[in-house]
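# A structural walkthrough
Each chain, written out:
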Amino acid sequence: MDWGGASEIATAVARGHSALAIVEAALARIESRDRVLNAFTDVTAERALARARAIDQRRGGGGPLGPLAGVPFAVKNLFDIEGLATRAGSKINRDRPRSERDSALIERLEAAGAILIGALNMGEYAYDFTGENVHDGASRNPHDSSRMTGGSSGGSGGAVAGGLVPLALGSDTNGSIRVPSSFCGIFGLKPTYGRLTRARSFPFVASLDHLGPFARNSKDLALAYDAMQGHDPDDPVCADRPVEPVLPELVRGLDGLRIAIAGGYFRKGASSETREALSRAAKALGVRREIEVPEVARARSAAYVITATEGAALHLDRLRTRARDFDPAVRDRLIAGALVSSALVVKAQKFRAWYRERVLELFGSVDVILAPATPCTAPAIGQQSFVLDGVEMPLRPNIGIYTQPISFIGLPVVAVPIPLEPLPIAIQVIAAPWREDLALRVAHALEQSGVAAAPRPKG
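Residues numbered from 1 in each chain as written. Predicted model: local features only at pLDDT ≥ 70, side-chain atom pairs only at ≥ 80, totals over all residues. Heavy atoms only, no water.

## Topic: unusual backbone geometry
For clarity, the threshold we go by: Segments assigned H or I by DSSP are reported as helices when at least four residues long, segments assigned E as strands when at least two residues long, and all are numbered from the N terminus. Exposure is judged per residue with a 1.4 Å probe applied to protein chains only, and the accessible area is read against the type maximum: over 50% gives exposed, under 20% gives buried, and values in between give partly exposed.
The omega torsion of the bond from Gly151 to Ser152 falls at 5°, within 30 degrees of zero and hence cis. Summarising the element assignment, Ser152 is placed in the loop between strand E3 (115-120) and helix H5 (154-161). Between Glu421 and Pro422 the backbone carries a cis peptide bond, its omega angle lying at 5°. Phi angles above zero are rare outside glycine, and Tyr125 is one such case at about 55°. Tracing the sequence through the fold places Tyr125 in the loop between E3 and H5. Assessed through its relative accessible area of 2%, Tyr125 is described here as buried. Positive phi values are uncommon outside glycine, yet Ala126 reaches one of about 65°. Note that Ala126 resides in the loop between E3 and H5.

## What about the packing of helix H2 (residues 19-37) against helix H3 (residues 45-60)?
Between two packed helices, what matters for the description is the angle formed by their axes and the separation of those axes. Quick reminder of the rule: The axes are straight lines fitted to the C-alpha atoms, using for helices just the contacting stretch, and the angles between their N-to-C directions are given from 0 to 180°. Reported orientations rely on four angle classes, namely roughly parallel under 35 degrees, roughly antiparallel over 145, roughly perpendicular from 65 to 115, and oblique for the rest. Two helices cross in a left-handed way if the nearer one is turned anticlockwise from the farther one by less than a right angle. They cross in a right-handed way if the turn is clockwise. Every residue pair with non-hydrogen atoms within 4.5 Å of one another is taken to be in contact. Polar here means any residue other than Ala, Val, Leu, Ile, Met, Phe, Trp, Tyr, Cys and Pro, which are nonpolar, and Asp, Glu, Lys and Arg, which are charged; Gly is therefore polar.
Two numbers describe how H2 lies on H3: the axes approach to 7 Å, and their chain directions differ by 160°. Taken together, the axes of H2 and H3 lie roughly antiparallel to each other. Judged by the twist between their axes, the crossing of H2 over H3 is right-handed. In this structure, H2 uses Ala19, Leu20, Val23, Glu24 and Leu27 to contact H3, whose residues at the interface are Ala45, Ala48, Leu49, Ala52, Arg53, Ile55, Asp56 and Arg59. Residue classes in the contact of H2 with H3 are distributed as nine nonpolar, no polar and four charged.

Right, here's the structure in full:
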């Protein structure tokens, strides 16, 4: 049976529907559909079936069920899964010992009753915006299998958009949740930096890495996010804040919210589809005010410097000993990062602090900022260039032009899909630190208006 979303599944299980039947149906969908989508790298069928039986047995005995009881989910293969080597999209990591314990976020979702069903394809070491992996093959877009899912959480975007699972987890360093959300037409949440624990996941750039969920609607996104909140001493940057549930806040709508559109930099380079999506969202919300975020182009440049140098430092030993086993494009970017001068890194970090303060000042007069998520809809797999602001530009480094300046200072963002034809595209709903509730309220309001939705894949 095809289920619309996580909340529907959890409600059905609570009312007596078999969690085992739900997992069996999900496994059957993966078996039939993933041959085209190539979203999964590992399917943990035996584990999932055993957990589903345990949930059915608990319900039969009158035991308590969590808010995500019986909901299948999958995770980008940089999350540790007990019994599997954590690939992080690479060939090299397959030689790692098998993980002895699940990632902290897997543990939290399963404590809420969700059922892990497998690991998902991704760009090598998360240094990717396309969803193309040279070792496992490209993830394919459910709306057109000749097109990219976006990366680096490409399998996560494809699995949710393709109806294989209602929830998935990914990571976002420079846009790797928001880009697949945009290309695949689903909702994604990049929380505030430090909000969700990253314990027992493979890093890329420690000072920029975020973990977060994908879903087909805003309610499911909020359900998953609430289940994963909480301090974790195993992640040194995880904030020691109380759990602040967002699900009850969704019904508050737009009451009292000050919303503006990001102008200036965020107006440049946009395709007609990007402009149309933002226009539809602004009209539905009744937003006319425009603000300009200062020095965004410099922020993107500084983000590049920090990404390249921190990423290179993490992989230096592998570059020295197993350079031939890297994706050549990833290897070359990492080697280039190793050659960046320390003086430039210091300059980038100083600018980062200045830029964060300037952007936070904007939230004195607005609560939420709307911006494009990607400059175009999903490109063709293998495509190397596209037209940006009338100029043909290399594709890979420019897909993240709108996402990188936001990740750079750790703001919470919800990617909200706008179902254009023939392909969907998303906008970013950006809030001040720790105000995921506001971004999700706006996302939910757009969904309720009918402007935002995760379209059904063709075929």
